[in-house]
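# An overview of the molecular structure
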Amino acid sequence: MNNLKLVKINDDKLRSTIKIGNSIIGKDFVIIGGPCSVESEEQTLKTAEAVKKGHGNMLRGGAFKPRTSPYDFQGLGLKGLKILEKAKQKTGLPIVTEVIDPRDVSWVCEYADVLQIGTRNMQNYSLLKEVGKSNKPVILKRGMYSTVREWLNCAEYIMAEGNPEVILCERGIRTFETYTRNTLDLSIIPAIKELTHLPIMVDPSHGTGKLSLIEPMCLAAVAAGADGLLVEVHINPKEAKSDADQQLTPEQFYAITEKVLKLKKFMDEEIF
Ligand code: PEP
Ligand code: MN
């Protein structure tokens, strides 16, 4: 891992913790839920209420969507951010939203509590440097073709600019398997804990792309030591403008988070 400033952390007290709203990432188990895209005020506010009811700690929602096709829905931009702001006012949930262009970082920070860097931009170095100059925590998704070494170097790009608040997020990588949207690499969770002090979350929605696999992967992520989960939730997934196949209904979200929190409690109190 030559030029990385890696610290082998055996003591949990030396791990990075990041305070966002009422949660401390790296200490509290954190659930981030919300739609793939912010589509309308009603959809976002109703989903935000559901995320809160289902023990979510933060609301996610894309106002800028990095779509594979330029003809697909690209997000509502500023209008989407204003909707997220309203959802925060109503629910108190901090906002996690993706930024895809370095020129947008400073003004997106006026609305976001956490900046997300998506898989397609993991190695967009000018974007990494820009979020590194901001004072917002950054969720850095793993590039879909990236090794752990490349991923951690991207985290270094952010931290080298003076922003230590980086949260890694495993979201699946491309393999020869096509049954799932990506191959969710859960073995990377304990590996990341061996290699760095940074917290790591897991996104089973993009990691599998399949509704039936989200619950078992959420539970497996908890068992493997993840610091939190990021899942897509939509009040009416069939009508979603992006990622319609993988978004949970509020009821599915409630069922999963109940089990996740039970497992987490069991692990903290009964086993370890
Ligand atoms: C997302 O979280 O909405 C997203 C686009 O994820 P990824 O970058 O992991 O594909
Ligand atoms: Mn999505």
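These lines cover the structure that appears in this document, whether it is placed above or below. (Residues numbered from 1 in each chain as written. Chains lettered and ligands numbered in written order. Predicted model: local features only at pLDDT ≥ 70, side-chain atom pairs only at ≥ 80, totals over all residues. Heavy atoms only, no water.)

As a further point, take empty space enclosed by the protein. As enumerated under the stated definition, the model contains one cavity of 30 Å³ or more in all. A volume near 30 Å³ is recorded for the largest cavity. Surrounding the largest cavity, Ile31, Cys218, Leu229, Val231, Leu248, Phe253, Ile256 and Thr257 form its lining. At three residues, the largest contribution of residues to the lining of the largest cavity is made by helix H9 (residues 250-271). Looking at the lining of the largest cavity residue by residue, the classes come out as seven nonpolar, one polar and no charged. (1 Å grid on protein atoms, 1.4 Å probe; cavity = no way out; pocket = protein on both sides within 12 Å on 5 of 7 lines; lining within 4 Å. Points joined across faces, edges and corners; volume = space filled by probe spheres on them. Helix = DSSP H or I, 4+ residues; strand = E, 2+ residues; numbered from the N terminus. Nonpolar A, V, L, I, M, F, W, Y, C, P; charged D, E, K, R; others polar.)

Right, let's get into the site of ligand 1. With respect to spatial proximity, the complete set of residues near ligand 1 consists of Arg60, Lys65, Glu98, Gln116, Gly118, Thr119, Arg120, Lys141, Arg171, His206 and Glu232. Contact distances for ligand 1 include 2.9 Å between an oxygen atom and a side-chain N or O atom of Lys65. Arg171 has a polar side-chain atom sitting 2.7 Å from an oxygen atom of ligand 1. Of all the cavities here, the one that holds ligand 1 is the second largest pocket. Grouping the constituent residues of the shell around ligand 1 by class yields no nonpolar, four polar and seven charged. (Near = heavy atom within 4 Å. Polar contact = N/O pair within 3.5 Å; in protein donor to acceptor, adjacent residues only side chain to side chain. Sits in = over half its atoms within 2 Å of the grid points.)

What follows is about the nonpolar core. Residues Leu140 and Leu168 are the most contacted members of the largest nonpolar core, which totals 60 residues. At six residues, helix H5 (residues 148-160) tops the list of elements feeding residues into this core. Excluding its chain neighbours within four sequence positions, the residues that come into contact with Leu140 are Ile117, Met122, Leu128, Trp151, Cys154, Ala155, Ile158, Val166, Ile167, Leu168 and Cys169. Ranked by size, the runner-up nonpolar core spans 13 residues in total, among them Ile25, Val30, Val96 and Leu230. (Core = buried A, V, L, I, M, F, W, Y, C linked by side-chain atoms within 4.5 Å. Buried < 20%, exposed > 50% of the residue type's maximum accessible area, 1.4 Å probe, protein only. Contact = heavy atoms within 4.5 Å.)

A word on the sheet that holds strand S10 (residues 228-232). Backbone-to-backbone hydrogen bonds pair the strands of a sheet. The strands run either parallel or antiparallel. Pairing is parallel around the closed barrel formed by eight strands, whose spatial order is S3-S4-S5-S6-S7-S8-S9-S10. Between one strand axis and the next, the sheet turns through 25 degrees on average, direction left out of account. Bridge count between strand S4 (residues 58-60) and strand S5 (residues 95-98): two bridges; the pairing is parallel. Bridged to Arg60 within S5 is Val96. Of the strands in this sheet, strand S6 (114-117) and strand S7 (138-141) touch helix H4 (residues 125-133), which is tilted by about 170 degrees from S6. Lying on the sheet, helix H6 (residues 188-195) is in contact with strand S8 (166-170) and strand S9 (200-202); it crosses S9 at an angle near 170 degrees. (Pairing = 2+ DSSP bridges. Axes fitted to C-alpha atoms, helices over the stretch in contact; angles between N-to-C directions.)

Under the criterion given, the structure shown has two aromatic pairs. Judged by centre distance (5.9 Å) and plane angle (75 degrees), the ring pair of Phe64 and Trp107 falls under edge-to-face. Of this pair, Phe64 sits in the loop between S4 and helix H2 (78-91) while Trp107 sits in helix H3 (residues 105-108), and the two are 43 residues apart along the sequence. Ring geometry for Tyr125 and Tyr157: centres 4.4 Å apart, planes at 25 degrees, overall stacked. Taken together, the residues Tyr125 in helix H4 and Tyr157 in helix H5 connect sequence positions 32 residues apart. With a relative accessible area of 31%, Tyr157 lands in the partly exposed category. (Phe/Tyr/Trp six-rings, centres within 6.5 Å; stacked < 30°, edge-to-face > 60°.)

Moving on, we get to the packing of helix H1 (residues 41-53) against H2. Two elements in contact, H1 and H2, have axes separated by 9 Å at closest approach and are oriented at 35 degrees. The hand of the H1/H2 crossing is right-handed. On H2, the residues that touch Glu41, Thr44, Leu45, Ala48, Glu49 and Lys52 of H1 are Ile83, Leu84, Lys86, Ala87, Lys90 and Thr91. Of the residues that constitute the contact of H1 with H2, the class distribution is five nonpolar, two polar and five charged. (Left-handed = near helix turned anticlockwise from the far one by under 90°.)

Everything listed here is a matter of coordinates, which is why it stays silent on function.
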